[in-house]
Structure formats: C-alpha cells, structure tokens
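Structural characterization, general
Below, each chain spelled out in residue letters.
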Amino acid sequence: MTTASVPLPAWINYGLIPLLNLVLAFFFSGLVVWAIGESPFEALQLLLIGALGRGEGIGFTLFYTTSFIFTGLSVAVAIHAGLFNIGSEGQAYLGGLGAALVALAMDRYVPWYVTMPFAVIGAALFGAACAAIPAWLQAKRGSHIVITTIMFNFIVSSLMNYMLVRVLIVPGKMAPETRTFLPGGQLPKLDWLIAMFGGKIGAAPLNFSFLIALIMCFLVWVLIWRTKLGYEMRTLGISPTAASYAGIRYSKIVMITMLISGGLAGMMALNPVMGASARLQIEFVGGAGFVGIAVSLMGRNHPAGIILAALLFGILYQGGAELSFDMPGITRDMIVVIQGMVILFAGALEYMLRPSIVRLYQQLTGK
Amino acid sequence: MSLDSPKEHAIELVGIDKKFGTVHANKNINLTVAKGSIHGIIGENGAGKSTLMSILYGFYQADHGEIRISGKPVTIRDSQAAIAAGIGMVHQHFMLVENFTVLENVMLGAEGGQLLAKGVASARKELKRLEDDYGLEVDPDAVIEELPVGSQQRVEILKALYRGADILILDEPTGVLTPPEADHLFKVLRVLRDQGKTIILITHKLREIMAITDTVSVMRRGEMVATRKTAETTVEELAELMVGRRVLLRVEKGAANPGGVLMSVRNLTVKDSRGVTMVDDVSFDVRAGEIVGIAGVAGNGQSELLEAIAGIRKPSSGEIFIDGKPVAGVDPAGLRDLGLAHIPEDRHHMGLVLKFEEYENSILGYHRDPRYGRGPLLDLEAMRKDAEEKIGKYDIRPPNPRLRTANFSGGNQQKIVVAREIERDPKMLIIGQPTRGVDIGAIEFIHKRIIEMRDASKAVLLVSVELDEIRSLSDRILVMFAGKIVGEKSGEAGEQTLGLMMAGIAA
Ligand SMILES: Nc1ncnc2c1ncn2[C@@H]1O[C@H](COP(=O)(O)OP(=O)(O)OP(=O)(O)O)[C@@H](O)[C@H]1O
Ligand SMILES: [Mg+2]
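Criteria and thresholds
Residues numbered from 1 in each chain as written. Chains lettered and ligands numbered in written order. Predicted model: local features only at pLDDT ≥ 70, side-chain atom pairs only at ≥ 80, totals over all residues. Heavy atoms only, no water. Helix = DSSP H or I, 4+ residues; strand = E, 2+ residues; numbered from the N terminus. Rg over C-alpha atoms; globule rule 2.2 N^0.38 Å. Buried < 20%, exposed > 50% of the residue type's maximum accessible area, 1.4 Å probe, protein only. Contact = heavy atoms within 4.5 Å. Areas by Shrake-Rupley, 256 points an atom, 1.4 Å probe, with all protein chains shown as cover. Lys, Arg positive; Asp, Glu negative; His and termini not counted. Charge placed at Lys NZ, Arg CZ, Asp CG, Glu CD. Domains from an automatic or database assignment. Buried area = accessible area lost by both parts, 1.4 Å probe. Salt bridge = Lys/Arg side-chain N within 4 Å of Asp/Glu carboxyl O. Polar contact = N/O pair within 3.5 Å; in protein donor to acceptor, adjacent residues only side chain to side chain. Core = buried A, V, L, I, M, F, W, Y, C linked by side-chain atoms within 4.5 Å. Pairing = 2+ DSSP bridges. Axes fitted to C-alpha atoms, helices over the stretch in contact; angles between N-to-C directions. Patch = residues over 30% accessible without salt bridge, like charges linked within 9 Å, V, L, I, M, F, W, Y side chains within 5 Å. Expected span 1.5 Å × (residues − 1). 1 Å grid on protein atoms, 1.4 Å probe; cavity = no way out; pocket = protein on both sides within 12 Å on 5 of 7 lines; lining within 4 Å. Points joined across faces, edges and corners; volume = space filled by probe spheres on them. Nonpolar A, V, L, I, M, F, W, Y, C, P; charged D, E, K, R; others polar.

1. Here's the deal with the overall build of chain A
Looking only at helices and strands, chain A has 16 helices and zero strands in total. Against the 2.2 N^0.38 benchmark of 21 Å for 367 residues, chain A shows a C-alpha radius of gyration of 21 Å, consistent with a compact globule. Scored against the burial criterion, the 367 residues of chain A give a buried share of 54%. Contacts in chain A between residues far apart in sequence, at least 24 positions, make up 75% of those at least 6 positions apart. By element, 71% of the accessible surface of chain A is carried by carbon and sulfur atoms, the whole surface being about 15,700 Å².

2. Digging into the overall build of chain B
Along its length, chain B carries 17 helices and 20 strands. Dimensions of chain B, computed from the C-alpha atoms along their principal axes, are close to 70 × 50 × 50 Å. A total of 507 residues make up chain B; the buried ones form 55% of that total. Counted over contacts in chain B with a minimum sequence separation of 6, partners at least 24 positions apart contribute 66%. When the accessible surface of chain B is summed, it comes to about 21,000 Å², and 50% of that surface belongs to carbon and sulfur atoms. Put simply, chain B has 64 plus and 72 minus side-chain charges, and the middle of one group is 2 Å from the middle of the other.

3. Brief notes about the domain arrangement of chain B
All names here are of chain B. The domain architecture assigned to chain B consists of domain 1 (6-86 + 166-247), domain 2 (95-164) and domain 3 (261-502). Tallying the contact residues gives 16 residues for domain 1 and 15 residues for domain 2. Between domain 1 and domain 2 lies a buried interface of about 1,300 Å² when both sides are counted; carbon and sulfur atoms form 65% of it. The interface formed by domain 1 and domain 2 holds zero salt bridges in total. The interface formed by domain 1 and domain 2 includes three residue pairs in polar contact (both at pLDDT 80 or more). For the side of domain 1 that touches domain 2, the secondary-structure elements that each account for two or more residues are β7 (167-171) and α6 (179-194). Ranked by residues supplied to the side of domain 1 that touches domain 2, first place goes to α6 with six residues.

4. Comments concerning the interface of chain B and chain A
Contact with chain B, which involves 43 residues of that partner, is made by 29 residues of chain A. Interface area, chain B with chain A, both sides summed: about 3,100 Å², of which 58% is carbon and sulfur. On inspection of chain B and its partner chain A, the count reaches two salt bridges. Here Glu232(A) and Arg368(B) are joined by a salt bridge, their closest N and O atoms 3.0 Å apart. Linking chain B with chain A are 19 residue pairs in polar contact (both at pLDDT 80 or more). When contributions to the side of chain B that touches chain A are tallied by element, the ones reaching two or more residues are α2 (79-84), α10 (332-337), α11 (347-351) and α14 (410-422) of chain B.

5. A few points about the nonpolar core
Formed by 135 residues in total, the largest nonpolar core has its most connected members in Leu270(A), Met274(A), Leu280(A), Phe313(A) and Val342(A). Here the element with the most residues in this core is helix α4 (residues 88-106) of chain A; it accounts for ten residues. When residues no more than four places from it in sequence are discounted, the contact partners of Leu270(A) are Ala99(A), Ala119(A), Val120(A), Ala123(A), Leu187(A), Ser209(A), Ile212(A) and Gly275(A). Counting 35 residues, the second largest nonpolar core, distinct from the first, contains Met107(B), Leu158(B), Ala165(B) and Ile212(B).

6. Let's talk about the environment of Pro18(A)
All names here are of chain A. With respect to the helices, strands and loops of the structure, Pro 18 is situated in helix α1 (residues 10-35). Residue classification places Pro 18 among the buried residues on the basis of a relative accessible area of 19%. Taking the C-alpha atoms as reference, Pro 18 lies 9.7 Å from Leu 353; in sequence the two are 335 residues apart. Setting aside anything within four residues of it in sequence, one finds Pro 18 in contact with Ile 12, Asn 13 and Arg 300.

7. Comments concerning the sheet that holds strand β5 (residues 72-74) of chain B
Note on sheets: strands pair through backbone hydrogen bonds, and any given pair is parallel or antiparallel. All names here are of chain B. The strand order across the open sheet formed by four strands is β2-β1-β4-β5, and the pairing between neighbours is antiparallel. Because the sheet does not close on itself, it has two edges, and the strands there are β2 (23-34) and β5. Along the sheet, successive strands turn relative to each other by an average axial angle of 25°, direction set aside. Across five bridges, strand β1 (residues 9-20) lies against strand β4 (residues 64-69) in antiparallel orientation. Bridged to Asp 17 within β4 is His 64.

8. Quick notes on a nonpolar patch on the surface
A cluster of nonpolar side chains, Phe27(A), Phe28(A), Leu31(A) and Trp34(A), forms an exposed patch at the surface whose accessible area comes to about 430 Å². Within the secondary structure, Phe28(A) is located in helix α1.

9. Remarks on the pattern of salt bridges
Residues and elements named next belong to chain A. Under the defined criterion, the tally for this structure stands at 42 salt bridges over all chains. Among the salt bridges present, the one from Asp 107 reaches Arg 179, with a minimum N-O distance of 3.0 Å. You can see Asp 107 sitting in the loop between α4 and α5 (112-141) and its partner Arg 179 sitting in the loop between α6 (145-167) and α7 (191-196), a full 72 residues away along the chain. Relative accessible area serves as the criterion here: at 3%, Asp 107 is assigned to the buried category. Classification of Arg 179 by relative accessible area gives partly exposed; the value is 24%.

10. Section: helix α3 (residues 55-80) of chain A
Residue and element names in this part refer to chain A. End to end, α3 covers 36 Å across 26 residues, agreeing with the expected 38 Å (1.5 Å per residue, within 8%). Most of α3 is tucked away, with 21 of its 26 residues classed as buried. Where α3 ends, the next residue or the one after it, Gly 82, has phi of about 80°, a positive value.

11. Here we look at the side chain of Gln302(B)
Residue and element names in this part refer to chain B. Tracing the backbone through its elements, the reader meets Gln 302 in helix α9 (residues 302-309). Owing to a relative accessible area of 2%, Gln 302 belongs among the buried residues under this scheme. Once residues within four sequence positions are removed from consideration, Gln 302 is found in contact with Ile 294, Ala 295, Gly 296, Val 297, Val 463 and Met 480.

12. Looking at the layout of surface pockets
Residue and element names in this part refer to chain B. Of the pockets and cavities examined, the second largest pocket occupies roughly 760 Å³. In this structure, the second largest pocket is lined by 29 residues; those nearest its centre are Lys 205, Ile 440, Ile 443, Glu 466 and Asp 468. Of all elements in the fold, only α7 (206-212), α15 (440-455) and α16 (467-473) reach the threshold of two or more residues within the lining of the second largest pocket. Grouping the constituent residues of the lining of the second largest pocket by class yields ten nonpolar, nine polar and ten charged. Residues lining the lining of the second largest pocket come from more than one domain, with at least three contributed by each of domain 1 (6-86 + 166-247) and domain 3 (261-502).

13. Considerations on the sheet that holds strand β18 (residues 459-463) of chain B
Residues and elements named next belong to chain B. Taken together, six strands build an open sheet; the order of strands is β16-β17-β18-β13-β19-β20 and the sheet is mixed. Single-partner strands in this sheet number two, and they are β16 (340-343) and β20 (484-490). Averaged over all adjacent pairs, the angle separating strand axes in this sheet is 20°, with direction ignored. Lying on the sheet, α14 is in contact with β16 and β17 (428-432); it crosses β16 at an angle near 175°. The strands touched by α15 within the sheet are β13 (290-295), β17 and β18, with β13 carrying the most contacts at an inclination of about 130°.

What follows is the structure in structure tokens.
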C-alpha cells in the first residue's frame, strides 16, 4: 500500500489538485510559447481576453462549453456503470441527423419552441440508436464496448457522408449540407443572457441549447444519485459481483446506460446544427465527442465538475482561436498543443502530484 | 524475558493517538513487543487493531505518539519506509498479482537492476534459502491464481521476508484458511520466531491466541486495556477483557420444532466458470424451523451450492424448489420476492459495495422496495432512517450511516450485511460464513439472531468452514466433500466423526 490510498480532504481532492494540474499545464504551455519566441504572459493574457474579455467572446466560449457539457455528460453516465463510451463523437454526429430531420420537417409549419422538444427527442433517439448496437454487443456477446464504439465512429462518419452528399444535399449546390432551416427550425440566440451582464453577443452562436445542457446536468445528477436506476448503475460500475448478488441484471443496465449516454451525446448536435449554423453540415462535431472524455475525467464524472471542466475547454477553444489570430507566431496547431497539455495534466496525469501532496499534507497535519 | 532493556524491544509504541473525524480509533496507545516473540492483539470489531497496525506500517499517520524500532525512534511515512525499518505486513486481502508466478510476485518491486535475468537467478536462490530456513514450501514457478489460499498466504510471508522483514504483522490471517492450513501457518510462525523474528498476530479466535502467542494485548474502544502473558491467562478472562462483560462462548438453544419443507434441492449439479463440476448431484431438504448446516473443507462446492440456490449461478442440471415452486433459473431479485434472504460468504465482493456509504449498502438487493422511494426515485431520508434503526439494533460502530462502508472495521461490515438480510424477516435464510472476522461478542449476537430466525419457523441453511459454528448452530449437519453430500449427522455429532467425513475418509 502506498500513498494512493491515503484519504485526503475534499477541498484538496477536488480543489487544490485540479488547480495545481491546471497551473502545471499552463506552465508547460508557457514554456512552449516561450520557446518559439513569444511572450507567455502576453499569450495568456490574449487567451483570457479572447475568451472572456467581451460579450461576443463569452458567447463563443459558452457555445463551445455547451457542446462539451453534452458530450461530457454522455461519457460520465457510461462511466458510472463501468462502461467507457468512446463513441460520443459518432453518437453526436448521428444525433445531428435526428435533429435536422425534425427541423426540416417542421420548420415551415410551427415556431421554434414547438419544434424544439421534437428535435431534442429526435437527436437523442438517433444518438441512442448509434449506441444501441455496441451496447447490445457488450451486453450479450461481451464484445468490448471501447472497440465497438470506436468502430461506430467510423461507420457513422461514412453514413453521414453518404446522407449529406447523396440524399440531403440541396440539388444544384456544391456543399454537402442541408438547406438552411427556417426560424421555426432554429434555436434562438441567448443575447439576453449576455446582455444581463452588460455585454453584446455580436456574432456569437450561443443559443438556447446551453439551457438544455444545464437542465441535462441536473437531470443526470438526479438520475445517478437519486433514482433506483442510478443506484443500480453505480452498483454495477463499482462492483459487478455485488450487482449480480443484488439481482441487478447486467445486460439490462448496460443497454439502458448506453442508450442514455448515446442520447446525451446526440443532443449535443442541437447546439451547432439548430443553434449555430441552422443546417446540417459535414463533420460538424469536430472532436467535441473526444473532448467529452477529458471533460468527464476532469470533472470527476459529476455534473457540477463537468460544467466547470467544459467551461475550461470552452475558454481554451475560444481563447485559443483569438490567440492564434492575434499572435502570428502561434498557429492553430499550437493551440492544439496547449489543449493537449491540459488534457495530459488534468486528465491523464491526474494523480501525478498526489503522492507529494499526501506527503506534504501528512507533514503539515500529522507529526 | 528482560523487558527492561529497550534493545530487547522489537517495537515500542508510545502514546499513539489517531482520530478519523469524530471516531477516536486509537487513544494514547502504549505497546511493547519483545524481540523474538509472538504477540497477539485481540479486541472487538472496531476496537482499533487494524488502525494501530496501519500506523505501524505507514498506511496512516498517528496524530500523536512515537514509534520505536529496536529502541530507535522512527518516522514511518509509507510502506516503503516500513519495509526499510524491517517491518513486513501480510494483508488479509492478499496483494498478489494473480497471473504472475510465485517468484515473480516475490521479486515485484525488488527486482534489483535493469536486467531481469540476473535478478531472477539470485531471487530464485534467495527464495530457496527462505523456504528451507522457515519451512515455507511453495513452488516458485506456480502461478498464483492456481494456488490454494493457504499457499498464497505463504507467498505473502515470503515476500515480506525477501524484503528483509524482521517484524511480521499478520492481520486476521486465519480468517480465510482451512483448519489444516491454519495449523501449517502456525508451524511456520513458530519457526520464524525461533529464528529470531518478531510477530504480531491479530485474530478473533481466542483458541489461536492460546495456542501460539507468548504475550497478548487486549484493545477495547480504541484503548489498550490489558497485556497478559499467554501462559498466565484464560480464554474466559480474555473474552471478558475484550467485551467488558461475560460472554457466552457457546450459544444456548432449545430443541428444534421443524415444520413442513420450505426449500428443497434435487439432483443439483453446478459447474464453475471453467466447466469443472463443483456440485455433483446434490439433494436435500430444509424445513421450516430448522437450521441445516453444511460442513466441509473450503473449496468442496459449498460456495457454488449457495450461489446456485441464491440465483447467482445457473445450475447445469437439477431443480431447486421454494415452497414447492421450481426456482432454478429465477434471478436473485425474484428469489428475494419469494422470501429468500442471502448472507453471502464474501462480503467484500458480493454483500457490500465498499465505496458506497453505509446506508446505501443497507438496501442492496432491496432497493426496489417502495419503502425506499416511490416509483423510480430513491427516498434518501427513508433509507437513512432505516439504516439508523439497523445500526442501533445491531450495534454497528461507528453509528454513522453516511460513512463509507470501506471505513468500517471488518466485523462491523459483516453486521451491516447480517442486519440487512435478517431485518427483512425472510421466510428462508441462506448464510455463508456468517461470522468470518467477527469478534466474540458479535458472534454471540449473530448466532442468537440466527437461532431466533429458526424459532420463528424460518428455514435456515448455513455454510461455514468453522466446524464449531456448524456444530453449535445446526439441527442437522450435511457433510460436503468433493461436490457431493457424503453424509448426514445430527447436530450433536462429534468433531472427530465430522472431521473424518470432511476429509472424505468415512461416511
Ligand atoms: N479511514 C477511516 N475513516 C473513518 N473511520 C475509520 C477509518 N478507518 C477505520 N475507521 C474507524 O476506526 C475504528 C477502528 O477501526 P479498525 O479497522 O482499526 O478496527 P479493528 O479493531 O481492526 O476491527 P475488526 O476486528 O472489525 O477488523 C472503527 O470505528 C472504524 O470504523
Ligand atoms: Mg481489522
């Protein structure tokens, strides 16, 4: 037994350690910036101002945050039942098809708030459908969910290519995308939210799906910690043998969990498809599914943590874009490096600092 | 023994104090252990024995107090420091890599150098020497998961010795062993002592204390209340020191008054995951108002039999009837609805989710019951109230339903399971190893509950590797050997007879 199992108070576990990880990530990113001859402090300043300085920047930051909340929740729900869903990317992509079909069918006839609930359901259903086959294979055949969900990312990608290039494309147009939805198929901007804090949303695509994401955070919290289903999921996730003792059916829980997880990933599509571009475009997910893994990990699979982690990645995305715009030395790829550092330190190396902190803590408190 | 010269003291603990939040686990503990002796530590569940040893082994830090090894004060921050100070620990739950060989496990973390081959050769030599010196025979090339528990434990001891341990801590080492394995362990411990090693042994079995220790210390509610030379004390005195009152070492029970058959098993055959037949064409009945005990050396199919009846393991043929209804293939949830409660053998893997808070575990398996929340929701308030009632009734310590289950002492964890299953007032109760790791006071308590169940006309099926427990509780005893029931005896059967039957010698 080593320091790994020494208990630490919550404020160290959930506050200090993530913070130090973040500082480390920024420190090493700073070294990289410094190495290419730019000032790290200026870069950090530009990044923060870009992400949080103006209403429009905040609008973009929260737009990215919205997507990451959905995919982060998707990953977290699966993890609670002991399942590692790497397919949020593909599930979100297929969810886009569900949302788009609803929007295309209804936007002519009804206002957005009538379309919205159907679009939420459509996106969730399509996302869930994408998770269903891997879930079934895991539940009944024991095929590892990590492998099958990865495979489904590729399958969905090809399927969506086909749909957009052959089926949904506007005749006579070159771009593989659907027609633009009418306002009845769009989610309204949250300009009033930014205005509440005295800013202007400008061109930022922050939209109503941000509120849906927050509602989902609450619902996921209720699901995991306040329902019998959540209890069964957590039991299975922690101890499959105790679950079988308790009469919790493995295949049932695996199926339900993955459908919920896929559904949450599918809802992510509402944000870019119905909120931002008002049409279904090729590759619109853009890696948000994979970021969801890091977000869930950093957020300790808890909705509150996921909101914070999603916000952090939102800041990195938006601030990074601004930074590469303002500092010619820093390219788009550099931003990816910085994001990678955060994932590395806050996600993968989560426990790197723990032993030394345990030591320090013991020295300060014990004798 | 000249206990005055500190040089002769392998270990001195001075004023050790440890609190976990409001739980005062160790209160100003002083303990001296003489070099080259076997020192027993006993005490009720939650008395603080494991905590004290964890402090000595660097797993926890004491809030106050000093540790001296051979008279020298030391700071033990983690297990590496403990090993450096010559302290080895044999954990109750083994820390071995299951698919490594014995040799690989012993070397792990002490490989010595970058090239494995050289280290392997010298490790093999060293291992051979240790085996010869201490009579610890195990095949260095055997894979751990294929070894019986007793041998796995020997590997744990070898690991500690290989790292140069002079002081060996064993926390409830015999809980998982069969009687012959336990005898073997004691032989090894005596040899180790005679070669100058110091041994600390924690156990709930006073018989073992009397048989093997030189000195014994008693803990009660975080305090060290007495230390005695083993030769100068008795089981009765120790029991009283531990619990603070006189304890019944044997349960009193009236005659059974059996009614109709509630549970019956017919030609049941069960295979394990590798396809080996573990239960072989077994048939028996359990009637209302009787306790049927299944005696046998561990690993003769009892576990698989229990799991099959509990619906966890699918039998490959045969039938199980509850109240006359065939139930083979019904899942554990369905069986609970029929009034079957199950106290599983392995509380860590089955009976409890250790990461859950106590109150969450106190509904495991019954969580769908409307009394814990209507519809899909859980009613945490109701769950906690229910848990508090059980905590009170079963004297589970500390009385905190919000504490993580892993932080309860072993015996208190067992009480959580027992309380949950018995308080459901089931019609039938199947029990595996009800008092493993449980202190004598709690054993008395659990045994009384089991007998109360019987007297309330429940059918009780009891599996235990403790022959004493089987004999004192059962109205009828079935002996299991190599997957078969090899005989039936009344509850009064002698230890000798049963022992021979368990070894497959006489029927
Ligand atoms: N990490 C922890 N956090 C909170 N309380 C703890 C922790 N570890 C132990 N305790 C509490 O400290 C007390 C002493 O526990 P300990 O495990 O030392 O008992 P024990 O004497 O070994 O009992 P047993 O015979 O049942 O194994 C118990 O009340 C236990 O619940
Ligand atoms: Mg203990």
